[in-house]
Amino acid sequence: SFEMFCKFEIGDSHSPVNKSRIQKVERSIGVRLPDSYCEFLLQHNGGVVYDNLIPKNGDSVRSFYGIDTGFAWDDLEIVRESTDWIPKSYLAFADNDGGDQYCLGLSNRNFGAVVLFEWHRKRRPVSRSFEEFLDDIVIRVDEDEMAEMSDLEIAICRNDLKSIRELATDGNRNDALLFAASR
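Notes on the structure follow. (Residues numbered from 1 in each chain as written. Predicted model: local features only at pLDDT ≥ 70, side-chain atom pairs only at ≥ 80, totals over all residues. Heavy atoms only, no water.)

## Concerning the pairing of strand β7 (residues 114–117)
Phase 1: Residues V114 and L116 point to one face of β7 and V115 and F117 to the other, with burial holding for every one of them.
Phase 2: Here strand β6 (residues 101–105) pairs with β7 via four bridges, running antiparallel. Paired with Q101 across the two strands is F117, which belongs to β7.
Phase 3: Where β7 and strand β8 (residues 123–127) come together, four bridges link them in antiparallel fashion. Looking at β8, one finds that V114 is bridged to S127. (Buried < 20%, exposed > 50% of the residue type's maximum accessible area, 1.4 Å probe, protein only. Helix = DSSP H or I, 4+ residues; strand = E, 2+ residues; numbered from the N terminus. Pairing = 2+ DSSP bridges.)

Okay, structure coming up:
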């Protein structure tokens, strides 16, 4: 069967968080967080990514942690306190289906880099930055799902800019413009 990979979407985000709350978290951990991660928190404040894959390491993301979520398993500050096996020079911000922790580097030499801390204490580099990490996550789209997609949706999913331009006719112009605005 044929599969295609598309950019992911985050579902089940928590209540919005503001900059002053993020700054309070930064003060409590004693370091400023990468700007891209702060923007992510402002937009999503955590959430779930369904049926995804990070092709370059063969792993996936189950959920991103948020601030003041009301749940111990996905609250950024509670997870930080409960994962004493992760050095404080890293901040766990997401997990995979196996409970391994995706962490942001917080020290000068690894600031913003993403590392996967596996339960058996193995540390694996994943991305040079949070932005790169997000760019690497895709969702799987199988043949049946593709059959229900328009040509424009498939072009968008494949990030095929040439086809998107060609398909940006009057009937599809709004979808194409929305896609372009999201880049």
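Still to come is the rest of the account.
## Describing the pattern of salt bridges
Phase 1: Applying the stated criterion to the full structure yields eight salt bridges.
Phase 2: Between E26 and R32 there is a salt bridge, and its shortest N-O distance comes to 3.7 Å.
Phase 3: Through salt bridges with shared partners, a single network forms among R21, D68 and E77. (Salt bridge = Lys/Arg side-chain N within 4 Å of Asp/Glu carboxyl O.)

## Remarks on the side chain of D95
Phase 1: Within the secondary structure layout, D95 lies in strand β5 (residues 90–95).
Phase 2: Side chain to side chain, D95 and R62 meet in a polar contact 2.3 Å long.
Phase 3: Those residues in contact with D95, other than ones at most four positions away along the chain, are S60, V61, R62, S63, Y65, D100, Q101 and Y102. (Polar contact = N/O pair within 3.5 Å; in protein donor to acceptor, adjacent residues only side chain to side chain. Contact = heavy atoms within 4.5 Å.)

## Describing the sheet that holds strand β4 (residues 63–64)
Phase 1: Sheet architecture is open: six strands sit in the order β2-β4-β5-β6-β7-β8, paired in antiparallel fashion. Two strands in the sheet have a free side with no partner beyond their single neighbour: β2 (47–48) and β8.
Phase 2: Pairing analysis gives two bridges linking β4 to β5, with the strands arranged antiparallel. In the strand pairing of β5, S63 is matched with D95.

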